[in-house]
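Fold and geometry: a report
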There are 2 protein chains.
Amino acid sequence: MLSKNKVRFIISLQKRKVREEYKLYIIEGDKIVKEYISAGVPLKSLIAKPEFISSLPKDALKEVSESEPVSYEELKKISGLKTPHNALAVVCMPDPEVNQANYLKTQCVALDCIQDPGNFGTIIRAAAWFGIKNIVCSEDCVDVYNPKVIQASMGAIIHVKVLYTELKKFLNTGSEKKIPVYGTMLEGESIYDQKLGSKGIILLGNESKGISDDLIHFIDHRLMIPRFADTTLGIDSLNVGMAASIIFSEFARRKSLAKI
Amino acid sequence: MLSKNKVRFIISLQKRKVREEYKLYIIEGDKIVKEYISAGVPLKSLIAKPEFISSLPKDALKEVSESEPVSYEELKKISGLKTPHNALAVVCMPDPEVNQANYLKTQCVALDCIQDPGNFGTIIRAAAWFGIKNIVCSEDCVDVYNPKVIQASMGAIIHVKVLYTELKKFLNTGSEKKIPVYGTMLEGESIYDQKLGSKGIILLGNESKGISDDLIHFIDHRLMIPRFADTTLGIDSLNVGMAASIIFSEFARRKSLAKI
């Protein structure tokens, strides 16, 4: 049985301020909770139906500080979803890797003011799929630990490092180290025809405003996904999650070609 | 001022049954309504704030049977959104193209039991971007006129033909005409290495179950998007909207190569 205080605390973790104060965040859903457990991510609390807990492998709870079997009604009280799943967990945030140079050693994604949690989650999922492990966000991006981001990322978040910083400074550091910056824009050269390296920063802009004016001059290669439609009406852009998927795929394809 | 009956009728169009009975559907949002008007799609009613209506070009209302200026409060009553925009319209469904052979003349997407409106909308948007105009859906796919599909497609829906039919029969017809079927699966050959033709059916399966067992044997080419991650934990799939975007992009890239 969950105490009133605990219920109140877990609900309060829907708020960014509280998450940041306690360095904790929430994950919800059988699949994602199982994946965190399998990956050995330390969980502060596992709150789940008794059937869920007993279905876990023997040593699954090694990295779980406390586990609490609860009823569906109790899960409903703490869930951020309309229809709660069988399990929810409170997870300790990893210490962020703050050494910016480490984000520049391999391929890196830079996000400028991404606002929609679904888009951010999709970008994380696509990045993880294509082996990109470094994501650097402008400070006005949506919080990576927002429950909707976590949901859309489908657990992929445990495979990427995420840093919030002033993008201008970060891109400047990259520029000093001669790291190429690939910016995705509606006007640019077709991504299919450009030289794409296996290192560099892929810069993605805000959903409606694109890349900020004060970051544009850092771009070495303007990437555009060609449109094959015979009209622009109703097809004036792809959303940033779709664009990211296509761009990461094309970089990965080139990498695989280079290895043959 | 909207009559009570009209308010009730517009709200009832959130339901598939009512939409199908009256052959009408709803679009919401300044941008999408403007795009429908620019594209000359006939609107049965335009319900919008007076400022919105007066901001339209002179001959914009040619294809609009009736326009009704309303207050924000009235828009709120009929809107399916938490925060309504400035305009909503009731649109006449086009007569569906029922001749299946016409869907096979150029590239075509076949959807097997796509359930999530957001995914379906994304697929339509990606198809339209890459110049694919034919979409054939199994009868258990979500309704293309579901307001969430329309929202996610961002207006791209006016550029595609959509047919609901028994997919097995449709694929059979394709097979008789020797139209190749490309099926997207987790096990298959890398899409980067396969021959991809500019004609054919791209078959996408259900979000969790993939392509139905009784359709698998129609597949001539099993397409897989290679994963570049060093683990599968938390990265066991891409969502179907992302997968569609990547696949359509790769087909388009090959088409553009063939033309050079």
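Residues numbered from 1 in each chain as written. Chains lettered and ligands numbered in written order. Predicted model: local features only at pLDDT ≥ 70, side-chain atom pairs only at ≥ 80, totals over all residues.

**Here's the deal with the packing of helix α11 (residues 240–259) of chain A against helix α10 (residues 240–259) of chain B**
Just so we agree on the cut-off: Think of each axis as a best-fit line through the C-alpha atoms, taken over the contacting stretch in the case of a helix, with angles from 0 to 180 degrees between the N-to-C directions. The helix count covers DSSP runs of H or I at least four residues long, the strand count covers runs of E at least two residues long, and both are numbered beginning at the N terminus. Comment on the angle field: the value is read as roughly parallel under 35 degrees, roughly antiparallel over 145, roughly perpendicular from 65 to 115, and oblique elsewhere. In a left-handed crossing the near helix is turned counterclockwise from the far helix by less than a right angle, and in a right-handed crossing that turn is clockwise. What counts as a contact is two residues whose backbone-derived C-beta atoms lie within 7 Å of each other. Classes in brief: Ala, Val, Leu, Ile, Met, Phe, Trp, Tyr, Cys and Pro nonpolar; Asp, Glu, Lys and Arg charged; the others, Gly included, polar.
Look at α11 of chain A against α10 of chain B: their axes get within 9 Å of each other, and the N-to-C directions meet at 50 degrees. Between α11 of chain A and α10 of chain B, the crossing angle belongs to the class labelled oblique. α10 of chain B is crossed by α11 of chain A, and the crossing has right-handed handedness. Contact residues: Gly241, Met242, Ser245, Ile246 and Ser249 of chain A in α11 of chain A; Gly241, Met242, Ser245, Ile246 and Ser249 of chain B in α10 of chain B. Split into classes, the residues belonging to the contact of α11 of chain A with α10 of chain B amount to 4 nonpolar, 6 polar and no charged.

**Description of the environment of Ser198 of chain A**
All names here are of chain A. Locating Ser198 in the fold gives a position in the loop between β8 (181–190) and β9 (201–204). Through-space distance from the C-alpha of Ser198 to that of Arg254 is 8.0 Å; in sequence the pair is 56 residues apart. Dropping the residues within four chain positions of it, Ser198 is found in contact with Gln107, Lys255 and Ala258.

**Some words on the pairing of β8 of chain A**
All names here are of chain A. Cut-off, in case you're wondering: Paired strands, as defined in this entry, are two strands with at least two bridges between them according to DSSP.
Summarising the sheet, β8 and β9 pair through 3 bridges and their orientation is parallel. The residue of β9 that forms the bridge with Gly183 is Leu203. Bridging between β8 and strand β10 (residues 221–224) involves 5 bridges; their strand directions are parallel. Following the sheet pairing, Gly183 is matched in β10 by Arg222.

**A few points about the relation of the copies chain A and chain B**
Note the cut-off: Least squares is the method for superposing the copies, and the C-alpha atoms it fits come from residues with pLDDT of at least 70 in both.
Superposition of chain A onto chain B requires a rotation of 180 degrees combined with a translation of 0.0 Å along the rotation axis, giving an RMSD of 0.0 Å. Classification of the inter-copy transformation places it as that of a two-fold axis. Closest approach to the rotation axis among the C-alpha atoms of chain A is made by Ile246 of chain A, whose C-alpha sits 2.4 Å away. With an isologous cut-off of 70% or more, the 100% of interface residues of chain A that recur at the interface of chain B puts this contact in the isologous class.

**Re the sheet that holds strand β5 (residues 108–111) of chain A**
Residue and element names in this part refer to chain A. Taken together, the 6 strands give an open sheet; going across it, the order is β7-β6-β5-β9-β8-β10, and neighbouring strands pair in parallel fashion. Of all the strands in the sheet, the pair left with one neighbour each is β7 (161–164) and β10. Along the sheet, successive strands turn relative to each other by an average axial angle of 35 degrees, direction set aside. On top of the sheet, α11 reaches β8, β9 and β10; it is set at about 160 degrees to β9, its chief contact.

**What to know about the interface of chain A and chain B**
Contact with chain A, which involves 34 residues of that partner, is made by 34 residues of chain B. Secondary structure elements with two or more residues in the side of chain A that touches chain B: α3 (30–38), α7 (117–129) and α11 of chain A. For the side of chain A that touches chain B, the element with the most residues is α11 of chain A, which contributes 8 residues. Residues of the side of chain A that touches chain B, tallied by class, amount to 19 nonpolar, 11 polar and 4 charged.

**Observations concerning the domain arrangement of chain A**
Residues and elements named next belong to chain A. For the record, the criterion: Each domain span listed reflects an automatic or database assignment of domains.
Here chain A is partitioned into domain 1 (4–92) and domain 2 (100–259). The gap between the C-alpha centroids of domain 1 and domain 2 is 31 Å. Breaking the side of domain 1 that touches domain 2 down by element, the ones donating at least two residues are α2 (16–22), β1 (24–28) and α3. Take the side of domain 1 that touches domain 2: its biggest share by element is 4 residues, from β1. Here the residues of the side of domain 1 that touches domain 2 are counted per class, giving 7 nonpolar, 2 polar and 4 charged.

**Quick word on unusual backbone geometry**
In most cases, non-glycine residues show a negative phi, while peptide bonds are predominantly trans. Phi at Lys23 of chain A is positive, roughly 55 degrees, even though this residue is not glycine. Topologically, Lys23 of chain A is positioned in the loop between α2 and β1.

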